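What the coordinates show
Next come the chains, spelled out residue by residue.
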Amino acid sequence: MRYMATYDLMETIRTTNQWLGASALAMGSYPAFSMIPNPAFEWMRAWGEVTERSFQRMVVKPDWNIPHFTAKDGKDHIVSVTRVVKNDFGDLLHFEVPGRDVEKPTVLLVAPMSGHYATLLRKTVISLLPDCDVYITDWHNARDIPVSAGKFDIEDYTLYLVDFMKFLGPDTHVIAVCQPAPLTLAATAYLAEEEPAAQPRSLTLIGGPIDPSAAATEVTDFGHSVTMGQLEESMIQRVGFKFAGVGRQVYPGLLQLSSFISMNAEKHAKAFNNQIARTARGEASDHDKHNEFYDEYLAVMDMTAEFYLSTVERIFQNHEIAKNEFVVAGRKVDIGKITTVAVKTVEGGEDDITAPGQCIAALNLCTGLPESKKASHVEPHAGHYGIFAGSSWRNNIRPMVLEFISKNSSTEAAAGAANTPKKPNAPAITRKNGSADATA
């Protein structure tokens, strides 16, 4: 029961603010007030509308809303989202494009589990669909996972990635964005020893903290300024009675959101003040740039306490990946065992979360990989978000990643792909409490 009251208090505060916003919106929308030429009523309505939407979005998982697109065959294709592997803590989703005849390279997009849903990579998915057969990891909100499902730390996360890569097979190209980059590198090295034939063709690591000590940021400074005891006392809470995961220890998404906002508090405050003004003038819309961004940014999820704490301790404090000392299920993972998977790193020159130098460290760890299979790129003026979803990604990084994938694709495998069953029809792997079972 420890800290459960704190979790429920945070949810109570969020609900209260949502209610206050809804009340202000309702009062400001009374028809009778329209007869009174007082801008205060318009401001009250606008404040209520923006406030209600903001606090309501914090507990809603966004939809994928993937639009149809015109392929190179000149036809419009719809996209359907299908779950092909079901697990307690995360699923594997497939963005199916019915009617597309030309085989595309299979891409596994590893989404971060750092407080936001996988839908944070919606624009990345949309940009890859015309040229790739895209799969993505869909991590679950820990507050919705019953305690009976067991623990989930960075070793379990790594084994999930191993299962996903085995499921998709060797003709796969993996793209890991931000937080999962070091664990994706470890999962690939794990496969290199356990089942070399299941390794992907290429691995692209985007803005990931492979070696957090290579370049200091506020994130790395925080990781070194606190003890694990302090973190557990101040950051970990138990899920309240309202959710299925009642009693589970978590790092709450609302706490993570407050950390995100505090890093650029002035910028966010200005954005919301401007949105209230636009709403009062009737210039805002349901899908304007502000709502499009903050509907996703404010939607946060809880992480299991063991995942959060093990990430801070083992990745940011002990630098187990950077020192090539990472252990999974009692086995030391040797990144030097990667000898056939092409590895590319991408960094943003103005990334204030994973600064340049942290991700490229992966190439030095791949001691068994020839230089011809290593590549790196630093996007000069891109921030953290821009290297996987902004204009820098669309105009510069995406074409390079696709070229890297094409260069390291197996033409023989691509030619024979039409004769193999579609992956969604393959047996799904269900992992629970550290074990994997095949299910139809």
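Below, the structure is looked at part by part. Nothing here was measured: the structure is a model prediction, and the numbers come from that model.

1. Things to note about the side chain of arginine 122
One can find arginine 122 in helix 3 (residues 122-128). Not counting residues within four places of it along the chain, the set of residues in contact with arginine 122 comprises Pro62, Asp63, Trp64, Asn65, Ile66 and Glu296.

2. Let's talk about the side chain of lysine 104
As for its placement among the helices and strands, lysine 104 is situated in the loop between strand 4 (90-96) and strand 5 (106-110). Setting aside its immediate chain neighbours within four residues, lysine 104 contacts Pro130, Asp131, Cys132 and Asp133.

3. Re the pattern of salt bridges
Side chains that carry opposite charge are capable of pairing whenever their charged atoms lie near each other. Per the counting criterion, the structure on display carries 22 salt bridges. Residues glutamate 194 and lysine 166 are paired through a salt bridge, measuring 2.8 Å at the closest nitrogen-oxygen approach. One end of the pair, glutamate 194, is in helix 5 (residues 181-194); the other, lysine 166, is in helix 4 (residues 154-168), with 28 residues separating them in the sequence. Residue lysine 166 is classed as partly exposed on the basis of its relative accessible area, which comes to 30%. A single network of salt bridges, built from pairs that share partners, joins Glu11, Arg14 and Lys242.

4. Looking at the state of the cysteines
Under the counting rule described, the total for this entry stands at zero disulfides. Cysteine 359 supplies the cysteine sulfur nearest to cysteine 366, a cysteine that is in no disulfide, at a spacing of 11 Å. Classification of cysteine 366 by relative accessible area gives buried; the value is 0%.

5. Structural notes on the nonpolar core
Residues Leu185, Leu205 and Ile210 are the most contacted members of the largest nonpolar core, which totals 70 residues. For this core, the element with the most residues is helix 4, which contributes ten residues. With residues up to four places along the chain from it excluded, the contact list for isoleucine 210 reads Ala181, Pro182, Leu185, Leu205, Ile321, Ala322, Gln358, Cys359, Ala361, Ala362 and Leu365. Formed by 34 residues, the second largest nonpolar core is a distinct cluster that contains Phe95, Ile136, Ala382 and Ile397.

6. Thoughts on empty space enclosed by the protein
In total, this model carries three cavities of 30 Å³ or more according to the counting rule given. Empty space within the largest cavity amounts to approximately 100 Å³. Within the residue set of the lining of the largest cavity, elements represented by two or more residues are helix 1 (4-28) and helix 8 (253-263). Ranked by residue count, the leading element in the lining of the largest cavity is helix 1, at three residues.

7. Some words on the sheet that holds strand 5
Taken in spatial order, the eight strands make up an open sheet running 3-4-6-5-7-8-14-15, and their pairing is mixed. Pairing within the sheet leaves two strands with one partner each, and these edge strands are strand 3 (80-85) and strand 15 (374-379). Along the sheet, successive strands turn relative to each other by an average axial angle of 20°, direction set aside. This element, helix 4, spans strand 3, strand 4, strand 5, strand 6 (133-139) and strand 7 (172-177) of the sheet and lies at about 155° to strand 6. Docked against the sheet, helix 5 engages strand 5, strand 7 and strand 8 (202-206), running at close to 160° with respect to strand 8.

Rules and cut-offs
Position numbers for residues count from 1 along each chain, tracking the sequence in the order it is written. pLDDT decides what is reported in this predicted model: residues at 70 or higher carry local features, side-chain atom pairs at 80 or more are listed and counted, and totals for whole chains, interfaces and linings draw on all residues regardless. Values reported for side chains reflect all heavy atoms of the structure, with hydrogen atoms and water molecules removed beforehand. Secondary structure counts use DSSP, requiring at least four H or I residues in a row for a helix and at least two E residues in a row for a strand, with both numbered from the N terminus. Only heavy atoms enter the contact rule, under which two residues are in contact if any of them lie within 4.5 Å. Here a salt bridge means any side-chain nitrogen of Lys or Arg lying within 4 Å of a carboxyl oxygen belonging to Asp or Glu. The classification of residues rests on relative accessible area computed with a 1.4 Å probe and restricted to protein chains. Under 20% of the type maximum is buried, over 50% is exposed, and intermediate values are partly exposed. Criterion for a disulfide: a pair of cysteine sulfur atoms within 2.5 Å. Definition used in this section: a nonpolar core is a set of buried Ala, Val, Leu, Ile, Met, Phe, Trp, Tyr and Cys residues joined via side-chain atoms within 4.5 Å. Put plainly, a pocket is an open set of points on a 1 Å grid over the protein atoms alone with protein on both sides within 12 Å along at least five of seven lines, a cavity is a set where a 1.4 Å probe fits but cannot get out, and a lining residue has an atom within 4 Å of a point. Grid points are joined across faces, edges and corners, and a volume is the space filled by probe spheres set on the points. Any two strands with at least two DSSP bridges between them are considered paired. Note on method: axes are straight lines fitted to C-alpha atoms, helices fitted across the in-contact stretch only, with angles between N-to-C directions ranging 0 to 180 degrees.

Treat this as a map of the structure, not an account of what it does.
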